[in-house]
Amino acid sequence: MSFFIAGTGSAIPDLTVDNYSFEKILDTSDEWITTRTGIKTRKFISDDNLTKIASLSAQNALDNAQVSKDELDLIICATLQGDYIMPSLACLVQKDIGANCPAFDINAACTGFIYALDLADSYFKAGKAQNILIICAEQMSKFLDFSDRSTCVLFGDGAGAVALKKGDGLKYIDIAAQGDFEDLYISGARNNMPFADKNTENQNGYVKMNGQNIFKFAVSTVTQDIKKALKKNKLKSQDIKYYLLHQANQRILETSQSFLKEPSDKFPKNLQTLGNTSAASIPILLDELNRANKISKGDLLLLSAFGGGKTAGTAIIQWSY
Ligand code: ACO
């Protein structure tokens, strides 16, 4: 006995930035960004902060699940970084929503949602929880070098959340990591300790990416992981109602779709309007589907993500309400 998804929520910042805005500051074009990525706009946090967006998505998920803050046994936030290094974003959300359970952050980059589900699975199986709240919230805009056209046009900010209850909705979950950092990383703070030699490495805190290597990693990982998940569960590709794949690039989604020979409407997308929201992309998609009443009891959803650290994760979830 593990969990089922009892409710979903999301929250998106107000500021919309379209591809034409980048034409004004970079040698790029709407045509290049659209054809190479599928992204037309993204949302950035400007007046708000990440805690506010994360807390709003959390409250939406609790309301949707009809779970009260007092019933929560655990809050897990998947994020690259909250508004503070300490306290965790999970603790800030806990305060905002008025809960009193343990709360902590995890970082598995864009695979954070699947890692958080895997962790929650262990808590439910160990009998340590009846209700768990997962929030995936990212402020990618603070990690972007707006003079680097190969990365800054790709990402957006946002938050998605799920409320989990003890039950039988999780059919399969598998997570992995290759521990690699050279193709995709954000460096940490410089060591300012005055008694050591200065670290001369460039540590500017911006996303650095070898796009082509990540593209190849993404395509091979997602297709292999989906194949493995279907085989292990004796499922055919048509048995899955929706494939919720990490929203990094339209061409990665199309490659997975042609590999599975399934229609495009089984691969919901939000990258056109939101860009790559890292760990938040799949839970935001899930909330969009749920609120549009596109998922019914018994439907099988396959979730698959990849991200920094060459992390990857796949889950099959049966919708239970
Ligand atoms: N506008 C115009 N030209 C650009 C831009 C831009 N925004 N960005 C790059 N270019 C140029 C390059 O400089 C290069 O020019 P050159 O030939 O003169 O050197 C040319 O376009 C081709 O560059 P490539 O990198 O080969 O372009 P590619 O077709 O591979 O597309 C992209 C780049 C979109 C980044 C693609 O590789 C990709 O999507 N990779 C995967 C990215 C990804 O999944 N990231 C998320 C990872 S995990 C996570 O979510 C954190």
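Anything mentioned here points back to the structure above.
Residues numbered from 1 in each chain as written. Predicted model: local features only at pLDDT ≥ 70, side-chain atom pairs only at ≥ 80, totals over all residues. Heavy atoms only, no water.

Quick look at the packing of helix 3 (residues 50–65) against helix 4 (residues 89–97)
At a minimum axis distance of 9 Å, the contact between helix 3 and helix 4 shows a crossing angle of 60°. As judged from the angle between their axes, helix 3 and helix 4 are oblique. Helix 3 and helix 4 meet at a crossing whose hand is right-handed. When helix 3 is examined against helix 4, the residues L50, T51, A54, S55, A58, Q59 and L62 are found in contact with a partner set consisting of L89, L92, V93, D96 and I97. Among the residues making up the contact of helix 3 with helix 4, the classes are represented as eight nonpolar, three polar and one charged. (Axes fitted to C-alpha atoms, helices over the stretch in contact; angles between N-to-C directions. Helix = DSSP H or I, 4+ residues; strand = E, 2+ residues; numbered from the N terminus. Parallel < 35°, antiparallel > 145°, perpendicular 65-115°, else oblique. Left-handed = near helix turned anticlockwise from the far one by under 90°. Contact = heavy atoms within 4.5 Å. Nonpolar A, V, L, I, M, F, W, Y, C, P; charged D, E, K, R; others polar.)

Describing the sheet that holds strand 5 (residues 103–106)
Taken in spatial order, the five strands make up an open sheet running 1-7-6-4-5, and their pairing is mixed. The sheet is open, and its two borders are formed by strand 1 (2–11) and strand 5, each paired with just one other strand. The average angle at which neighbouring strand axes cross in this sheet is 20°, direction not considered. Direction of pairing for strand 1 relative to strand 7 (residues 157–167): antiparallel, over a ladder of nine bridges. Across the sheet, residue I5 finds its bridge partner in strand 7, namely L164. (Pairing = 2+ DSSP bridges.)

So, the nonpolar core
In terms of nonpolar packing, the biggest core is built from 39 residues, with L117, I134, L164 and L303 touching the most fellow members. Sorting elements by how many residues they give to this core places helix 5 (residues 112–125) first, with seven residues. Split by domain, the residues of this core number at least three in each of domain 1 (2–168) and domain 2 (173–190 + 197–318). In this structure, L117 is in contact with F3, I134, L164, I173, L303 and I317, ignoring residues within four places of it in sequence. Counting 37 residues, the second largest nonpolar core, distinct from the first, contains V17, C152, Y243 and L271. (Core = buried A, V, L, I, M, F, W, Y, C linked by side-chain atoms within 4.5 Å. Buried < 20%, exposed > 50% of the residue type's maximum accessible area, 1.4 Å probe, protein only. Domains from an automatic or database assignment.)

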